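What follows is the residue order along each chain.
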Amino acid sequence: MISHIDTQKCIGCGTCFKTCALGVFRMDTEQDNISPCMAVCPAGNNIRKINALLQESRFDEALECLVDTMPFPAIAGRVCPHPCESRCSRLERDAAVNINGIENFLGERDLAREVKPVPLRHISRVAVVGSGPAGLSAAWYLTLAGYPVTVFEAREKPGGLLSHGIPEYRLPGSLVDIYIARLQDMGVEFRCNCPLGNRGGMTLDNLDDLGFRAVVLAIGAGRGRPLPVPGAENMPHVVQGIDFLSDARAGRAAHVAGKTVLVLGGGDVAADAAVTAARLGAGQVRLVYRRSRERMPALPHSIASAEAHGVELLTAWGIQSLKEKAGGLQATFAANTAPEAASPQPPVYDLSQTMDIDADLIIAALGQDVDPGFSGTEIALTESGRIQADPLTLQTSVRTIFAAGDAVSGSGTVVQAIASGRRAAHSVCNLLQGAHTHMGHPPRRDIVKMQHLDKLESIKRIDRSHQETGTSLSIDETLGEALRCLTCGSKSRITYTDDCMTCFSCEMNCPANAIDVSPFKQFYPRHLGKHFIGDSK
């Protein structure tokens, strides 16, 4: 019978749990230290617990654990850049666990889940301005907490960036509609065609007059930055990237079939706009970025997708002038002599090295800024025009108003916005219950450092994700990837002692030598081999 586990040595890799034929062990994932993947997850997903539950085929519990921090997993699985995989401990042994594939599998399972109305437990009404990822997230968590929530959206349809800014091929609108309907089933009220302030609609003071005790501003950063060329904003053949993508989703995009399209920028909006133009039948699509390819802020799979659609990448060139020419435009670029310099260092252009490109349409995707549109209530802004908010609680200069998403941080990922909305919702709950707004926010936790990885078995990764293939992992593939997870920082525990048959498999396979099966090993020479004969430890 097994004797004990030295928890100081145990690294939580799960080898004992995975190799014990009789299921003596279980993994305890609730530890003070967190795994490297969890430390960089923008949503704070408990990745090791999710995978530990999947290792036991507890699918519903794994999904519940994911939804605790990611209410829209089917959306996140398609658009998240999954930085967690870049920190996976298995990279030092073979390849990262396919965390994105696992999330997509659980996301598909989540779509079939029934959501019931949430009973109201509070009378304080909360307004959420904006129905993008941050706004929907804030509404979700506030509703779960029992507050009556009303979401105000400037457009005719809720969804914000999810419905209007991300191309259909990356994020089907049907998925966004499912989650919006789910929020409505929970009790959230949506009011569309309600722009804020000087954009022609309500004001924050109006919300106070209507009886809302708190407000979450999740208005995003939807105003495209103009080209640094005089008069460009008045040229008929120049459009903003975010507007082009929005029009394309609504079927109103400019007719580009057979035309030459020039996209300026290096982020995901630029890459998405280039791919969308190519998919709409453009004859030639070029993407010009002022820095090097390595400095492009677009995600690697976005750049790869653009190239796969025939988009020509031209890097280290910056636009200098524009002039109208025969129903189109001619853009003049100068070479950047310091293309590896990172922002905010300005490019250094050599005006003796120039390049002219003719185009029927130019799409400017140089980034987005916040268009606050406030009227009445004074809310402090940063020098860059974003909403100034407490970095932890997201409370603005007005005590009852909080801000979340790109309006605070600038352009970020969908998952970052969702996490921001959750944080704002938590702070609102604190405020309305009379608690300090800083209370209850997750503390910073140390990251565990995995050891003895060279002693682990190398297992090939199932290298497939929805972002590249459009399909999710199967059940068997998901379980296989979950079993590759080392649940870093967990601790093994002896759960079913009486089932132990003293086979010594766990002790011999433990990479950290943390398991002691029996103190009388001299009685089991046939089980242990030459190395262990007579060794009683």
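Residues numbered from 1 in each chain as written. Predicted model: local features only at pLDDT ≥ 70, side-chain atom pairs only at ≥ 80, totals over all residues. Heavy atoms only, no water.

Novice: Explain the nonpolar core to me, using residue names and the numbers behind them.
Specialist: Counting 96 residues, the largest nonpolar core has Leu142, Leu207 and Leu217 as the members making the most contacts within it. With 10 residues, the single largest contributor to this core is helix H15 (residues 414-432). In this structure, Ala274, Val275, Ala306 and Leu361 belong to the second largest nonpolar core, which totals 25 residues. (Core = buried A, V, L, I, M, F, W, Y, C linked by side-chain atoms within 4.5 Å. Buried < 20%, exposed > 50% of the residue type's maximum accessible area, 1.4 Å probe, protein only. Helix = DSSP H or I, 4+ residues; strand = E, 2+ residues; numbered from the N terminus.)

Novice: Provide a residue-level description of helix H7 (residues 133-144), including the pertinent values.
Specialist: Count 3.6 residues to each turn of an α-helix, and residues three or four apart come out pointing the same way. For H7, which comprises 12 residues, the first-to-last C-alpha distance of 17 Å matches the rise-based estimate of 16 Å (1.5 Å per residue) to within 8%. Of all 12 residues in H7, 11 are buried, a share of seventy percent or more. All of the buried residues in H7 are Pro133, Ala134, Gly135, Leu136, Ser137, Ala138, Ala139, Trp140, Tyr141, Leu142 and Thr143. After H7 finishes, the residue Gly146 shows a positive phi value of roughly 95°. (Expected span 1.5 Å × (residues − 1).)

Novice: Talk me through helix H9 (residues 173-186); I want residue IDs and the actual numbers.
Specialist: For H9, built from 14 residues, the straight-helix expectation of 20 Å at 1.5 Å per residue is met to within 8% by its first-to-last C-alpha distance of 20 Å. Taken together, the buried positions of H9 are occupied by Gly173, Leu175, Val176, Tyr179, Ile180, Arg182, Leu183 and Met186. Looking at the buried side of H9, the elements it contacts are helix H5 (73-79), helix H6 (99-111), H7, helix H8 (161-164), strand S5 (189-191) and helix H11 (241-249). One or two steps after H9, the chain reaches Gly187, where phi turns positive at roughly 125°. (Contact = heavy atoms within 4.5 Å.)

Novice: Could you give an account of the sheet that holds strand S12 (residues 317-325), naming the residues involved and the relevant values?
Specialist: Each strand in a sheet pairs with another by means of backbone hydrogen bonds, the pair being arranged parallel or else antiparallel. Strand order in the open sheet formed by three strands is S12-S13-S14, and the pairing between neighbours is antiparallel. Each edge of the open sheet is held by one strand with a lone partner, namely S12 and strand S14 (349-359). With direction set aside, neighbouring strand axes in the sheet form an average angle of 25°. (Pairing = 2+ DSSP bridges. Axes fitted to C-alpha atoms, helices over the stretch in contact; angles between N-to-C directions.)

Novice: For the sheet that holds strand S4 (residues 149-152), give the residues involved together with the corresponding values.
Specialist: Strand order in this open sheet of five strands is S5-S4-S3-S6-S17, and the pairing throughout is parallel. Because the sheet does not close on itself, it has two edges, and the strands there are S5 and strand S17 (401-403). Neighbour to neighbour, the strand axes of the sheet diverge by 20° on average, direction disregarded. Sheet topology places strand S6 (residues 212-217) next to S17; three bridges connect them, and they run parallel. Pairing of Val216 across the sheet is with Phe402, part of S17.

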